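Each chain is listed here by its residues.
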Amino acid sequence: MFAVSFAQRRQLICAVLVTIGMAATVGGALGFEHIGGYIPCALCLLQRDPYYYGIPLGILAILTSVLKLPGWTTRTLLLGVGILMLVGAGLGVYHAGAEWHFWEGPSTCATTAQGISSDVGDLLGDLDAKHAPSCTDAALRVLGLSFAGWNVIASLILAAIALRGALKASAQGRAS
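Residues numbered from 1 in each chain as written. Predicted model: local features only at pLDDT ≥ 70, side-chain atom pairs only at ≥ 80, totals over all residues. Heavy atoms only, no water.

Caption draft 1: Inspection of the overall build of the protein at higher detail. Helices and strands together make up the secondary structure of the protein, namely 5 helices and 0 strands. Along the protein, from the amino end to the carboxyl end, the secondary structure elements read α-α-α-α-α. The burial tally for the protein puts 36% of its 176 residues in the buried class. Residue pairs at least 24 apart in sequence account for 79% of intrachain contacts in the protein once pairs closer than 6 positions are excluded. Carbon and sulfur atoms make up 70% of the accessible area of the protein, which totals about 9900 Å². (Helix = DSSP H or I, 4+ residues; strand = E, 2+ residues; numbered from the N terminus. Buried < 20%, exposed > 50% of the residue type's maximum accessible area, 1.4 Å probe, protein only. Contact = heavy atoms within 4.5 Å. Areas by Shrake-Rupley, 256 points an atom, 1.4 Å probe, with all protein chains shown as cover.)

Caption draft 2: View of empty space enclosed by the protein. Per the counting criterion, the structure on display carries 1 cavity of 30 Å³ or more. Put simply, the largest cavity is a space of about 40 Å³. As for the largest cavity, its lining consists of Q8, Q11, T64, S65, K68, L69, P70, G71 and T74. Contributions of two or more residues to the lining of the largest cavity are made by α1 (6-34), α2 (42-66) and α3 (71-99). Tallied by class, the residues present in the lining of the largest cavity amount to 2 nonpolar, 6 polar and 1 charged. (1 Å grid on protein atoms, 1.4 Å probe; cavity = no way out; pocket = protein on both sides within 12 Å on 5 of 7 lines; lining within 4 Å. Points joined across faces, edges and corners; volume = space filled by probe spheres on them. Nonpolar A, V, L, I, M, F, W, Y, C, P; charged D, E, K, R; others polar.)

Caption draft 3: Looking closely at the pattern of salt bridges. Evaluated as defined, the whole model comprises 1 salt bridge. E33 serves as the salt-bridge partner of R48, at 2.8 Å between the closest nitrogen and oxygen. Of this pair, R48 sits in helix α2 while E33 is found in helix α1, placing the two residues 15 residues apart along the sequence. For the residue pair R48 and E33, the accessibility class agrees, reading buried in each case. (Salt bridge = Lys/Arg side-chain N within 4 Å of Asp/Glu carboxyl O.)

Caption draft 4: Here's a closer look at the nonpolar core. Counting residues in each nonpolar core, the largest one holds 18 residues, and the members touching the most others are V18, M22, Y51, L78, V81, M85 and L158. Breaking this core down by element, the ones donating at least two residues are α1, α2, α3 and α5 (147-175). Setting aside anything within four residues of it in sequence, one finds M85 in contact with M22, P50, Y51, S155, L158 and A159. (Core = buried A, V, L, I, M, F, W, Y, C linked by side-chain atoms within 4.5 Å.)

Caption draft 5: Up close: the environment of W150. Mapped onto the elements, W150 comes out in helix α5. By relative accessible area, W150 is classed as partly exposed at 33%. As a C-alpha pair, W150 and A89 span 61 residues in sequence and 9.5 Å in three-dimensional space.

Caption draft 6: Expanded view of α3. Given a rise of 1.5 Å per residue, 29 residues ought to cover 42 Å, and the 42 Å separating the end C-alpha atoms of α3 matches this to within 8%. Residue H101 follows α3 closely and has a positive phi angle near 60°. (Expected span 1.5 Å × (residues − 1).)

Caption draft 7: View of the environment of G71. Within the secondary structure layout, G71 lies in helix α3. Since its relative accessible area comes to 26%, G71 is described here as partly exposed. It is 9.4 Å that separates the C-alpha atoms of G71 and A166, two residues lying 95 residues apart in sequence.

Caption draft 8: The state of the cysteines, seen in detail. In this structure the tally under the stated criterion is 0 disulfides. For C41, which is in no disulfide, the shortest distance to another cysteine sulfur is to C44 and amounts to 3.4 Å. (Disulfide = S-S within 2.5 Å.)

Have a look at this one:
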């Protein structure tokens, strides 16, 4: 009665891993923004969208697996997460390429992120604490990669996990 197939267990593990990974990645970005003082540029904010859409899909994939709903529901949700992460990787490649000046970035890099205070007393303090956004200049590089470059790596890893959960479970479902 409580027997769980290998495919269902794989789907659950992949759904949990990819959801935790997405939450950690976007959580890290939010940490750099709110704790580190890095104001995200317009492309940085755009790269978060696949995570914001993917996390709820990942949670639904976990729930469909735990509730033992038909396997195609979990596979479809994982496939959606995988596609979103591939879109995120593409956005990261575009942004990193603009930072390395391989191609033109957007003509405007306006952002609505709240960063610098309008209070004159806090303005100088805010200028020292906050880093202005730029779509073509990396705010920080770690091991030679900007935030956009690291997003490409994270997105590809998360896409691989999600797609593995969706496709391997699908292949095993057909073999049974």
